[in-house]
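Notes for the structure review
Each chain, letter by letter, is given below.
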Amino acid sequence: QVQLVESGGGLVQAGGSLRLSCAVPRSTFSVGTQGWYRQAPGKQRELVVTISSGGSTNYADSVKGRFTISRDIAKNTVYLQMNSLKLEDTAVYYCNYKLWPRDSWGQGTQVTVSS
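Below you will find a few notes about this structure. These numbers were taken from a predicted model, which means no experiment stands behind them.

What about unusual backbone geometry?
Note that the residue after Trp100, namely Pro101, is joined by a cis bond; omega there is 5 degrees. Here Pro101 is to be found in the loop between β9 (91-99) and β10 (102-105). In the Ramachandran plot, Asn76 falls in the positive-phi region, its phi being about 55 degrees despite a non-glycine side chain. Mapped onto the elements of the fold, Asn76 is located in the loop between β7 (67-72) and β8 (77-82). Its relative accessible area of 23% is what places Asn76 among the partly exposed residues. With a phi angle near 50 degrees, Ser84 is a residue other than glycine that sits in the positive phi range. Here Ser84 is to be found in the loop between β8 and β9.

Structural data, given as C-alpha cells:
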C-alpha cells in the first residue's frame, strides 16, 4: 500500500472555498493515477476527479467548473481546490492512488458545507 495523507477539510458556508491537500510518495507522480473521491452519509463513494501521470484529468459532472486538481511535485502534494461549494458537496473526501493491482486510499478528511 502507498501512504496517502489528506488535510485541509473543515466547515465552510455555501458559496465558499476550501483547498484539500494530499501528501503522496514522489513515485506516484510518474506512473499510475492520482485522484480524489468522496463519500456522503448513506451514499456510495464516488469519483470527484482523477489525474494521470501525463496530466490528463477526469472530473465528475457535478464538480466541473468548480473544483480543480493540481499537483506540486517538489512538495509531493496533490491539491483539490473547491470553489462555489454547495450543500451537496458535504462528504468525507479521500485521496486515492491507483496502479494495478494496487488501489491505495488516505484516511479521509471531512468537508461540511453549511447554509
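The rest of the description comes next.
Looking at the sheet that holds β8
Read across the sheet, four strands follow the order β1-β3-β8-β7 without closing on themselves; strand pairing throughout is antiparallel. One side of each edge strand has no neighbouring strand; the edge strands of this open sheet are β1 (5-7) and β7. Taken over all neighbouring pairs, the strand axes of this sheet differ in orientation by 20 degrees on average, direction set aside. Pairing of β1 with strand β3 (residues 18-23), which is carried by three bridges, proceeds in the antiparallel orientation. Counterpart to Glu6 in the pairing with β3 is Cys22.

Criteria and thresholds
Residues numbered from 1 in each chain as written. Predicted model: local features only at pLDDT ≥ 70, side-chain atom pairs only at ≥ 80, totals over all residues. Heavy atoms only, no water. Helix = DSSP H or I, 4+ residues; strand = E, 2+ residues; numbered from the N terminus. Buried < 20%, exposed > 50% of the residue type's maximum accessible area, 1.4 Å probe, protein only. Pairing = 2+ DSSP bridges. Axes fitted to C-alpha atoms, helices over the stretch in contact; angles between N-to-C directions.

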